[in-house]
Amino acid sequence: MQKENSINIRIASRSDLEELSELFDLYRKFYELPSDLTGAKKFLEDRLLHKDSVLIVAEDGGRLLGFAQLYPIFSSLSMRRDYILNDLYIRETERRRGTAKKILDGAANHVIEHGGKGMGLETHPDNRHARHLYERFGFKLNEEYLHYYWEIPKQK
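Residues numbered from 1 in each chain as written. Predicted model: local features only at pLDDT ≥ 70, side-chain atom pairs only at ≥ 80, totals over all residues. Heavy atoms only, no water.

Considering the environment of isoleucine 56
Along the chain, isoleucine 56 falls in strand β3 (residues 54-60). Residue class for isoleucine 56 comes out buried when judged on its relative accessible area of 0%. In the structure, isoleucine 56 is positioned 58 residues away from histidine 114 in sequence and 14 Å away in space, judged by C-alpha atoms. Each residue touching isoleucine 56, except ones within four places of it in the same chain, is listed here: Ile9, Arg10, Ile11, Gly66, Phe67, Ala68, Leu70, Ile103, Gly106, Ala107 and His110. (Helix = DSSP H or I, 4+ residues; strand = E, 2+ residues; numbered from the N terminus. Buried < 20%, exposed > 50% of the residue type's maximum accessible area, 1.4 Å probe, protein only. Contact = heavy atoms within 4.5 Å.)

A short note on the layout of surface pockets
The calculated volume of the largest pocket comes to roughly 1900 Å³. Taken together, 48 residues line the largest pocket, and the ones lying closest to its centre are Leu121, Glu122, Thr123, Ala130 and Tyr134. Those elements giving two or more residues to the lining of the largest pocket turn out to be α1 (17-30), β5 (80-90), α3 (99-113), β6 (119-120) and α4 (128-137). Taken together, the residues that form the lining of the largest pocket break down as 24 nonpolar, twelve polar and twelve charged. Taken as a whole, the second largest pocket holds about 160 Å³ of empty space. In this structure, the second largest pocket is lined by Ile73, Phe74, Ser75, Ser76, Leu77, Asp82, Lys117, Gly118 and Met119. Here the residues of the lining of the second largest pocket sort into four nonpolar, three polar and two charged. (1 Å grid on protein atoms, 1.4 Å probe; cavity = no way out; pocket = protein on both sides within 12 Å on 5 of 7 lines; lining within 4 Å. Points joined across faces, edges and corners; volume = space filled by probe spheres on them. Nonpolar A, V, L, I, M, F, W, Y, C, P; charged D, E, K, R; others polar.)

Some details on a nonpolar patch on the surface
Taken together, the side chains of Phe30, Tyr31 and Leu33 make up a nonpolar region of the molecular surface, amounting to roughly 280 Å² of accessible area. Its place among the elements puts phenylalanine 30 in helix α1. Note on phenylalanine 30: relative accessible area 44%, which makes it partly exposed. (Patch = residues over 30% accessible without salt bridge, like charges linked within 9 Å, V, L, I, M, F, W, Y side chains within 5 Å. Areas by Shrake-Rupley, 256 points an atom, 1.4 Å probe, with all protein chains shown as cover. Salt bridge = Lys/Arg side-chain N within 4 Å of Asp/Glu carboxyl O.)

Quick look at unusual backbone geometry
Here lysine 51, not a glycine, exhibits a phi torsion of approximately 55°, which is positive. Of note, lysine 51 is situated in the loop between α2 (37-50) and β3. Backbone geometry places arginine 96, a non-glycine residue, at a positive phi of 70°. Tracing the backbone through its elements, the reader meets arginine 96 in the loop between β5 and α3. Judged by its relative accessible area of 73%, arginine 96 is exposed.

Describing the UniProt feature "domain: N-acetyltransferase" (unreviewed entry) in the protein chain
Summarizing the sequence annotation, UniProt attributes the feature "domain: N-acetyltransferase" (unreviewed entry) to residues 7-156 in the numbering used throughout. The span residues 7-156 is 35% helix and 25% strand, and its two end C-alpha atoms sit 50 Å from each other. (UniProt positions renumbered as here; feature names shortened; annotations may be inferred.)

A closer look at the pairing of strand β4 (residues 63-75)
As paired elements, β3 and β4 share seven bridges and run antiparallel to each other. Considered in β4, the bridge of glutamate 59 is made with leucine 64. Two successive antiparallel strands, β3 and β4, enclose a turn made up of two residues, where glycine 61 displays a positive phi of approximately 60°. In this structure, β4 lies alongside β5, joined through ten bridges in antiparallel fashion. Each residue of the ladder has a partner; that of isoleucine 73, found in β5, is aspartate 82. Where β4 folds back on β5, the antiparallel hairpin that results is connected by four residues, among which methionine 79 adopts a positive phi of roughly 55°. (Pairing = 2+ DSSP bridges.)

Thoughts on the packing of aromatic side chains
Inspection of every chain in the model, using the stated rule, returns nine aromatic pairs. Ring centres of phenylalanine 24 and phenylalanine 43 lie 5.5 Å apart, and the angle between their planes is 15°; on these two criteria the pair is classed as stacked. Here phenylalanine 24, found in helix α1, pairs with phenylalanine 43, found in helix α2; they are 19 residues apart in sequence, far enough to count as distant. Between phenylalanine 24 and phenylalanine 67 the ring centres are 6.0 Å apart and the planes differ by 50°, which places this aromatic pair in the tilted class. On the criterion of sequence distance, the pair formed by phenylalanine 24 in helix α1 and phenylalanine 67 in strand β4 is long-range, its members being 43 residues apart. Take phenylalanine 24 and phenylalanine 67: they sit in the same class, and that class is buried. Cluster of aromatic residues (ring-pair linked, three or more members): Phe24, Tyr27, Phe30, Tyr31, Phe43, Phe67 and Tyr89. If you follow arginine 47 out to its NZ or CZ, it ends over the ring of phenylalanine 43, 4.6 Å from the centre. (Phe/Tyr/Trp six-rings, centres within 6.5 Å; stacked < 30°, edge-to-face > 60°. Lys NZ or Arg CZ within 6 Å of the ring centre and 35° of its normal.)

Take a look at the structure:
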């Protein structure tokens, strides 16, 4: 996709699965979920196998620094493909180097190259650093629509 400095941005492949699973597990732990490396690997393997998401990675010297995961959806009103930026994670040691911005550039390029309308995301209100990054990148807080979510009721 692109190369700036020594950081290469590209689409992940199955050969990235081991290291990508470790990053994904760190990402989940960041959100205070328990470590589950086996589950992370299975989840990502399924995404790669079924091609139902796009995993964009940043690497430097053969080492993965971070990733983003885009899920394609469709916008009925615009009759175009749309994307959800569901995950973005950069190793703690690699933050503040512009890696997240480069991954977002790679995600934006993918959306453009595939005729997408744009990409949406959600983040926790307390995630100030991510919110600042997204706003600097050009994401706008949508105050026009309400976001609802239906969850399967828990069995008693």
